[in-house]
Amino acid sequence: MGSRLSTQRDHGDGHVVRDLVSRARNGDPRAVARLISLVEDESPLLREVTAALAPHTGHAKIVGITGSPGVGKSTSTAALVGRLRSTGQRVGVLAVDPSSPFSGGALLGDRVRMQDHALDREVYIRSMASRGHLGGLAWSTPQAIRVLDAAGCDVVLIETVGVGQSEVEIAGLADTTLVLIAPGMGDGIQAAKAGILEIGDIYVINKADRDGADTLRRELRSMLALAERTEGDWRPPIVKTVASKDDGLDEVVTEIDRHHDWLESSGELVVRRTRRARDEIEAIALTALRARWGDVHGRSELDDLAHRVAAGVSDPYAAAETLLAEL
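Parameters and conventions
- Residues numbered from 1 in each chain as written.
- Predicted model: local features only at pLDDT ≥ 70, side-chain atom pairs only at ≥ 80, totals over all residues.
- Heavy atoms only, no water.
- Helix = DSSP H or I, 4+ residues; strand = E, 2+ residues; numbered from the N terminus.
- Buried < 20%, exposed > 50% of the residue type's maximum accessible area, 1.4 Å probe, protein only.
- Contact = heavy atoms within 4.5 Å.
- Areas by Shrake-Rupley, 256 points an atom, 1.4 Å probe, with all protein chains shown as cover.
- Core = buried A, V, L, I, M, F, W, Y, C linked by side-chain atoms within 4.5 Å.
- Phe/Tyr/Trp six-rings, centres within 6.5 Å; stacked < 30°, edge-to-face > 60°.
- Axes fitted to C-alpha atoms, helices over the stretch in contact; angles between N-to-C directions.
- Parallel < 35°, antiparallel > 145°, perpendicular 65-115°, else oblique.
- Left-handed = near helix turned anticlockwise from the far one by under 90°.
- Nonpolar A, V, L, I, M, F, W, Y, C, P; charged D, E, K, R; others polar.
- Salt bridge = Lys/Arg side-chain N within 4 Å of Asp/Glu carboxyl O.
- Expected span 1.5 Å × (residues − 1).
- Pairing = 2+ DSSP bridges.

A. Region of interest: the overall build of the chain. Counting its regular elements, the chain contains 12 helices and 7 strands. When each of the 327 residues of the chain is scored for burial, the buried share is 43%. A separation threshold of at least 6 residues defines the contact pool for the chain, and within that pool the share at least 24 residues apart is 74%. Total accessible area on the chain stands at roughly 17,000 Å², and carbon and sulfur atoms take up 53% of it.

Now the structure itself:
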């Protein structure tokens, strides 16, 4: 009886997942929201969800938007959505917010961020809580990207929290990384300190109507010329924008398209996406190992091994190998 009930439950779960994926691919925002919620909540259906999504992924351009707090990431993201929509593209946005210390949820809501696009069915905006994860991203961001990709988004924009030096993590997740800086914020020095000279594919000087924008551009160009990069013949362009006035966004879109064309022609797109998949597999495997490791301190085998090491009968490396073999 138990086996038959389990089989019936699994069959029902599979039907639910397939229905959600089908609706998401038809542009149903509620289905997309539900799938991302399953990802964020580490649902028992997560494996079925990722398996159902896999055949429909790999088409969207993944664009990361990063930079120090105050450079105008949210404003730039909203303006960029408008430009992409003007060319008929479906756009997904993952806006990773700081987490509430009380609920663990996002402090800022998607409707607060981008009200102008809230009623557009071809734009899906989701605020995700970082939940203490360092690097400006939520741990579930890769799976959420997969949902939006499978849902038919032509471009997925990922806006990071704005945590300073740890934001280099976005480079491992995006096809194209936009690094935003602004004059008058000491960003020339911060760029060198934070290592963002190595991760940016396109540099955007926002708030370029301020004094010092041209000086910052010259300094940044000089630093980029000295930086060691491994991406072959791609030279990151520097674009000036005033996102609050919708100025300069056309050039940003042009550079994103140009970079994507270069990624495809050079083979770098396959390299980056393979590396991303490898990192995701490794993260999932390590999470599973940590879950198995959780009960180690309560196991008698650990105490026995500890006594043997303390008595000089065994060494810690041999004991560790024994423990790992028993996991």
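Now, onward.
B. Region of the structure containing the nonpolar core. Val32, Leu35, Ile36 and Leu148 are the most contacted members of the largest nonpolar core, which totals 44 residues. For this core, the element with the most residues is helix H2 (residues 29-40), which contributes 6 residues. The contacts of Val32, once residues within four sequence positions are left out, are Ala24, Tyr124, Val147, Leu148 and Ala151. Judged by nonpolar contacts, the second largest core, of 23 residues, contains Val123, Ile125, Val204 and Val252.

C. Fine view of the packing of aromatic side chains. Counted according to the given criterion, the structure contains 1 aromatic pair. On the numbers, 5.8 Å between centres and 40 degrees between planes, the contact of Trp234 with Trp262 is tilted. Of this pair, Trp234 sits in the loop between helix H8 (213-226) and strand S7 (238-240) while Trp262 sits in helix H9 (residues 249-266), and the two are 28 residues apart along the sequence. Of the two residues, Trp234 and Trp262, both sit in the buried class.

D. Expanded view of the side chain of Gln143. As for its position among the elements, Gln143 is in helix H6 (residues 141-150). Beyond its immediate sequence surroundings of up to four residues, Gln143 is in contact with Val39, Thr50, Glu280 and Ile284.

E. Layout of the packing of helix H11 (residues 300-310) against helix H12 (residues 316-326). Viewed as axis vectors pointing N to C, H11 and H12 meet at an angle of 165 degrees, and their least axial separation amounts to 10 Å. Regarding the angle of H11 to H12, the classification is roughly antiparallel. Two packed elements cross with a definite hand, and for H11 against H12 that hand is right-handed. Side by side, H11 and H12 meet where Glu301, Leu302, Leu305 and Val309 of the first sit next to Pro316, Ala319, Thr322, Leu323 and Glu326 of the second. Its residues assigned to classes, the contact of H11 with H12 shows 6 nonpolar, 1 polar and 2 charged.

F. Spatial organisation of the pattern of salt bridges. One pass over the structure, following the stated rule, counts 17 salt bridges. Notably, a salt bridge pairs Glu268 with Arg272, separated by 3.2 Å at the nearest N-O pair. Here Arg272 and Glu268 lie together in helix H10 (residues 268-293), a separation of 4 residues that amounts to about one turn. There is no split in this pair, since Glu268 and Arg272 are both buried. Taken together, the shared-partner salt bridges in this structure form one network comprising Asp19, Arg23 and Asp28.

G. Looking closely at the side chain of Ser76. Turning to its location among the elements, Ser76 is positioned in helix H4 (residues 73-86). The contacts of Ser76, once residues within four sequence positions are left out, are Leu180, Asn206, Ala243 and Leu249.

H. How the structure looks around H9. Across its 18 residues, H9 extends 26 Å between first and last C-alpha, which sits within 8% of the 26 Å expected from 1.5 Å per residue. Each element contacted by the buried residues of H9 is listed here: strand S1 (61-67), H4, strand S5 (176-181), strand S6 (202-205), S7 and H10. Phi turns positive, to about 85 degrees, at Gly267, one or two residues after H9.

I. Broad picture of the pairing of strand S4 (residues 155-159). Along S4, 5 of the 5 residues are buried, which leaves the element largely enclosed by surrounding structure. Across 5 bridges, S1 lies against S4 in parallel orientation. Across the sheet, Ile65 pairs through a bridge with Glu159, a residue of S4.

J. Geometry of the environment of His260. Within the secondary structure layout, His260 lies in helix H9. Distance from His260 to Ile62, taken between C-alpha atoms, is 9.6 Å for residues 198 residues apart in sequence. Setting aside its immediate chain neighbours within four residues, His260 contacts Lys61, Leu269 and Arg273.

K. Summary view of the pairing of S1. Within S1, 7 of the 7 residues are buried, leaving the element largely enclosed by the surrounding structure. Strand direction decides the pairing type here: S1 and S5, joined by 5 bridges, are parallel. Bridging across to S5, Ile65 finds its partner in Leu178.

Purely geometric stuff here, so don't read any function into it on its own.
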